[in-house]
Structures are given as structure tokens and as C-alpha cells.
Amino acid sequence: MAGNLFKGRCSSVFDYKTEKYIVAKNKKVGVLYRLIQLSIIGYIIGWVFISKKGYQETDWAIQSSVITKLKGVSVTNTTESGLLVWGPEDYVIPPQGEAVLFVITNFLETPNQKLGYCAESPKVLDGRCQDDKDCENGKMVVAGHGVKSGKCLRKDDNSSNTCEIFGWCPIERKFKPQGPLLANAENFTIYIKNFIQFPKFKFSKSNVLDTTDESYLKKCRYDEELDPYCPIFRLGDITSRAGYKFRDMATFGGSIGIMIQWDCNLDKGYSSCHPQYQFTRLDISVSNKTIAVGFNFRHTRYYKNAAGETFRSLFKVYGVRFNIMVHGKAGKFSIVPTAINVGSGLALMGAGAFFCDMVLLYLMKKGTSYRERKFEGCRNTKSASEHNSTDDKKGAMENENLTC
């Protein structure tokens, strides 16, 4: 018996099984089934293949290099500095042309500072005092301008007492700028040269228009509609496209983000891969309630007089910081993602049949009748052959046949 059972199961391995289909004459379910099929086909064609380009292999690992160059001249005339002419070598920091650069638009100068003794600023909390005990000799002034000398200075009865310090004197003047000194800065131009590469497809390109006209870069200016492929931008146009006035940013400084987006469909060829530019201000919070608006820092210029004494001029500079960020992807036809997405779509077709089965089984009035035809009950019958011989009875076996 055990031998025949094992033999029967082994032979069933080579059986071919097929599905049994039942045609349900129900127009409502039929229309629902076709609508589901059309929806799945529309999703595959419209969203997967047309919108998301599911037939392409994509490379997100963009490799990028950015080189910048500014041009423009401005003139300032202040009491401390006198008449000055500012060129790119003066107002661009760092001057070598990187993806992050700072353009000076305003400054406050404290000239002719020399190492010596002077009073600390009354605005520095740690520099205030009542007597000499509050000014410990040799102690650094927290957030101040030098080292305490041990003396507490007092101008008059109505003024605040401050410690005497050893440092660069006179200390920095404190006042707010009223307007940008480099008023012509909005007419400066920045040349952004961007080289990109997608290593998976061995594709490389730059944002400079391919042309044989040598004078093109001398006369072109970026414009979204008239000249979208010119890599030269006017600073005033950049801030206005970010939604702000250049003069407001130039007074106290700010930060602008320049996003270069490359979305390349390599199936259309080299000439169809172009950069898209977006501009946004980065130093503004969502609530717009912050005291840390603007951007500034300090730097110095040292010199010596005829006697060999060292002096310096302290500059607190305000300006616009530009962050150039490059993002992108490239896509090209590949049979692998195409086959995967087609197979996924065909698998979704089965979901339509499953949903319609649920409707027929549990939501329709004749669901019981459909259930009886779809799921047929099975019964087991046994037949045994008996022999008169006692020895043959021990070897008798039962044959089971499945009838439906």
C-alpha cells in the first residue's frame, strides 16, 4: 500500500493542471472589470512609462564642477577710507572663483588701529565694572576686544564704567549702516561655468552654449525666455528672481541659493540636455521672526608707518553670499527596467479579476449560485479487491479515485 501511494504521488509531479474559467453573464461586473483593466493600463502607460520614464535606466550620481568669475567696478567715498575704486579682486571672497562666494556690498571701517590701552565698549557685558576689583589683570574679556589691565575707567557720573583693556585701539565703532556703499553692485555680473558628468553612461556636458560666435559671452545675459542658455547673470536679476530687492539685501547682507538642475533624457540625444536654473533666498526663516537677518563678517588690512609701527584697518563687511548647488539625473533606455515594469503591470491585472470575484461572491444577490459553480465539492470513494486466499488478503490494497 505504501509503495503504491508513493508511486502515485511521484507520478502526479508530471501532471499538467489548468485553471477552470466561468463566464459570468453580468454586465455590471463586466463593465467594472474593464474599467479596472483600463485604469491599470492607463497607469502603466501614462504614469510609469510616460511620466516616470519607467523604460529607462537612471543615473543619479552626477559629478559636477563649478567655476565662477565676477565683473564690475564700483566707487565709494567715506570719511575713513576716502575715495576708493572697488574691483572683483577687492569685493569677491574668495577671489579664485568657487561654488560658494561672497560679494561685498557694504562695509564699516575702523581705521588706524594700534596695539595699546583703551576703554572697553560699554555694550560688552563682561567689560563693565564698579571698581578695579571687577577688572582682574590679565583676564580676557568675554566677547570683548582685549585683555583687562586691572583698571576700571569712568568718564563721568552719568556714564557706564568700563575696564581698561590691552588690544587694538581704538575699538570697533558700533553703528548700523544706512544703505549699501557699493551702490552699483547690483549691476555686477557673475559668470557660472558648470561641467557635469554621468559616469554610468559616460556622458559629459557644460552649461555654456555650443556656438562658434566668440563674442557670444561678451554680449549675452541670462533670461528665462530670451536667452535661457547664457551662463552670465546680473546680480540684481538673481535677487529679484528670488523674490527680494537687491538694495535691501545689500545693506545688511544675505544668502542666495542658485540651483542648477540637469534632467537629461539621453534617448533624445546630446543637444536636448540643458540646465534649468532656480533662485531662492536661504537666510530667511519660515516664521520670518528672527534677529539674525543678513550676513556679515570682519577682516583686517595691516600696514606699517615710516617708523615701523604696525597699524591695521578693521572692516566689518556686509554682502551677499552665493551658494551654487548642482543636482540632476540622466536616463537612457534599458530592457531590464522595461521588462520589470511590464511584468508588474501584468501582475496588477490579476488584482482586477480578484476584486471582481469578491464582488460576485459577497456583494451580488446570486453570489451563492456563483460560489457553487466556482468551488465544486469533492468526495472520496474507496474500492478494494478481496481474494479468497488468506495470503492474498494480507497484500490487498485500496485504490482511491478522486471524482468531482
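Summary of the structure given here. Sequence order as written defines residue numbering, which begins from 1 separately in each chain. Totals for whole chains, interfaces and linings use every residue, but because this is a predicted model, local features are given only for residues with pLDDT of at least 70 and side-chain atom pairs only at 80 or more, for both listing and counting. The side-chain values count all of the structure's non-hydrogen atoms but skip hydrogen atoms and water molecules.

1. A look at the environment of Leu348
Inference 1: Comment: elements are numbered from the N terminus, with helices defined as DSSP H or I runs of at least four residues and strands as E runs of at least two. Note that Leu348 resides in helix 7 (residues 335-363).
Inference 2: Along the sequence, Leu348 and Gln37 sit 311 residues apart, while their C-alpha atoms lie 8.8 Å from each other.
Inference 3: Among all residues touching Leu348, those that are not within four sequence positions of it are Ile40 and Tyr43. A contact between two residues is defined here by any heavy atoms of the two lying within 4.5 Å.

2. Observations regarding helix 2 (residues 27-51)
Inference 1: To estimate how far a helix should reach, multiply one less than its number of residues by 1.5 Å. Its 25 residues place the ends of helix 2 33 Å apart at the C-alpha level, agreeing with the 36 Å of an ideal helix rising 1.5 Å per residue.
Inference 2: A 1.4 Å probe rolled over the protein chains alone gives each residue an accessible area, and that area as a share of the maximum for its type sets the label: buried under 20%, exposed over 50%, partly exposed in between. Listing the buried residues of helix 2 in full gives Val29, Ile36, Gln37, Ile40, Ile44, Val48 and Phe49.
Inference 3: Buried-residue contacts for helix 2 involve helix 7.
Inference 4: After helix 2 finishes, the residue Lys53 shows a positive phi value of roughly 50°.

3. Some details on the state of the cysteines
Inference 1: Criterion for a disulfide: a pair of cysteine sulfur atoms at a distance within 2.5 Å. On inspection of all chains with the given rule, the structure shows five disulfides.
Inference 2: Disulfide pairing is shown between Cys118 and Cys169; the S-S distance is 2.0 Å. Residues Cys118 and Cys169 share a disulfide whose torsion about the S-S bond is about -75°; that sign makes it left-handed. Placement of Cys118 in strand 6 (residues 100-119) and of Cys169 in strand 8 (residues 162-169) is noted, with a sequence separation of 51 residues between them. Judged on exposure class, the residue Cys118 and its partner Cys169 are both buried.
Inference 3: Two residues, Cys135 and Cys163, share a disulfide whose sulfurs are 1.9 Å apart. The chirality of the disulfide connecting Cys135 with Cys163 is left-handed, given an S-S dihedral of about -85°. On the criterion of sequence distance, the pair formed by Cys135 in the loop between strand 6 and strand 7 (146-153) and Cys163 in strand 8 is long-range, its members being 28 residues apart. Across the pair, exposure class does not vary: Cys135 and Cys163 are buried alike.

4. Examining the packing of aromatic side chains
Inference 1: Working definition: a ring pair exists when centres of Phe, Tyr or Trp rings (six-membered ring for Trp) sit within 6.5 Å. Plane angles under 30 degrees give stacked, over 60 give edge-to-face, the rest tilted. For the structure on display, the rule yields 16 aromatic pairs.
Inference 2: For the ring pair Tyr222 and Tyr277, a centre distance of 5.2 Å and an interplane angle of 70° mean the geometry is edge-to-face. Within this pair, whereas Tyr222 is found in the loop between helix 4 (216-219) and strand 11 (232-234), its partner Tyr277 is found in strand 13 (residues 275-281), the two being separated by 55 residues in sequence.
Inference 3: By definition here, charges over rings are those cases where NZ of Lys or CZ of Arg is within 6 Å of the ring centre and within 35 degrees of the ring normal. A cation over a ring is seen here: Lys205 above Tyr270, with NZ or CZ 4.6 Å from the ring centre.
Inference 4: The positively charged end of Arg281 is found above the aromatic ring belonging to Tyr244, 4.9 Å away from the centroid.

5. Regarding the environment of Gly30
Inference 1: Structurally, Gly30 can be placed in helix 2.
Inference 2: Since its relative accessible area comes to 30%, Gly30 is described here as partly exposed.

6. Section: a nonpolar patch on the surface
Inference 1: Here a patch means residues that are over 30% exposed by relative accessible area and free of salt bridges, tied together within 9 Å if like-charged and within 5 Å if nonpolar (Val, Leu, Ile, Met, Phe, Trp, Tyr). Here the accessible surface of atoms and residues is derived via Shrake-Rupley with a 1.4 Å probe, and residues count as covered only by protein chains that are part of the display. Any Lys or Arg side-chain nitrogen found within 4 Å of a carboxyl oxygen on Asp or Glu counts as a salt bridge. Nonpolar side chains collect at one region of the surface, where Val31, Leu35, Leu38, Ile41, Ile45 and Ile50 lie side by side and expose about 580 Å² of accessible area between them.
Inference 2: Among the structural elements, Ile50 can be located in helix 2.
Inference 3: Residue classification places Ile50 among the exposed positions, given a relative accessible area of 59%.

7. Concerning unusual backbone geometry
Inference 1: The amide bond that connects Ile93 to the next residue, Pro94, takes the cis arrangement and shows omega of -10°.
Inference 2: Inspection of the secondary structure puts Pro94 in the loop between strand 5 (92-93) and strand 6.
Inference 3: Between Cys169 and Pro170 the backbone carries a cis peptide bond, its omega angle lying at 0°.
Inference 4: The topology assignment puts Pro170 in the loop between strand 8 and strand 9 (189-198).
Inference 5: A positive phi angle, close to 55°, is found at Asn112, a residue other than glycine.
Inference 6: Checked against the element boundaries, Asn112 lands in strand 6.
Inference 7: Of note in this structure, Ala143 is not a glycine but carries a positive phi near 55°.
Inference 8: In this structure Ala143 comes out as exposed when scored by relative accessible area, which is 69%.

8. Thoughts on the packing of helix 7 against helix 8 (residues 367-374)
Inference 1: In this analysis an axis means a line fitted to C-alpha atoms, helices contributing only their contacting stretch, and an angle means the value between N-to-C directions, from 0 to 180 degrees. Two elements in contact, helix 7 and helix 8, have axes whose closest approach is 6 Å; the angle formed by their N-to-C orientations is 120°. Here helix 7 is positioned oblique relative to helix 8, judged by the angle of their axes. Between helix 7, through Asp357, Leu360, Leu361 and Tyr362, and helix 8, the contact on the second element is made entirely by Gly367, Tyr370, Arg371 and Lys374. Oblique is the label for any angle not covered by the other classes, which are roughly parallel (under 35 degrees), roughly antiparallel (over 145) and roughly perpendicular (65 to 115).

9. What to know about the pairing of strand 10 (residues 203-206)
Within a regular beta strand, the side chains point alternately toward one face of the sheet and then the other, so they alternate between its two faces.
Inference 1: Direction of pairing for strand 9 relative to strand 10: antiparallel, over a ladder of four bridges. Looking at strand 10, one finds that Phe195 is bridged to Ser206.
Inference 2: DSSP bridges decide pairing: two strands pair if at least two such bridges lie between them. Following strand 9, the chain reverses through four residues before pairing antiparallel with strand 10; Lys202 in that reversal takes a positive phi of roughly 55°.

10. Things to note about the side chain of Thr239
Inference 1: Here Thr239 shows up in helix 5 (residues 235-241).
Inference 2: Excluding residues that lie within four positions of it along the chain, Thr239 makes contacts with Tyr244, Lys245, Phe246, Met249 and Ile256.

11. A word on the packing of helix 2 against helix 7
Any two packed helices are characterised by how steeply their axes cross, that is the angle between the axes, and by the distance between the axes.
Inference 1: Viewed as axis vectors pointing N to C, helix 2 and helix 7 meet at an angle of 160°, and their least axial separation amounts to 10 Å. Our classification of the angle between helix 2 and helix 7 gives roughly antiparallel. The handedness of the crossing between helix 2 and helix 7 is right-handed. In this structure, helix 2 uses Val29, Leu32, Tyr33, Ile36, Gln37, Ile40, Ile41, Tyr43, Ile44, Val48 and Phe49 to contact helix 7, whose residues at the interface are Thr338, Asn341, Val342, Gly345, Leu348, Met349, Gly352, Ala353, Phe355, Cys356, Val359 and Leu360.
Inference 2: Each residue gets one label: Ala, Val, Leu, Ile, Met, Phe, Trp, Tyr, Cys and Pro are nonpolar, Asp, Glu, Lys and Arg are charged, and the others, such as Gly, are polar. A per-class count over the contact of helix 2 with helix 7 returns 18 nonpolar, five polar and no charged. Working rule for handedness: look at the near helix, and if it is turned counterclockwise from the far one by less than a right angle, call the crossing left-handed; if clockwise, right-handed.

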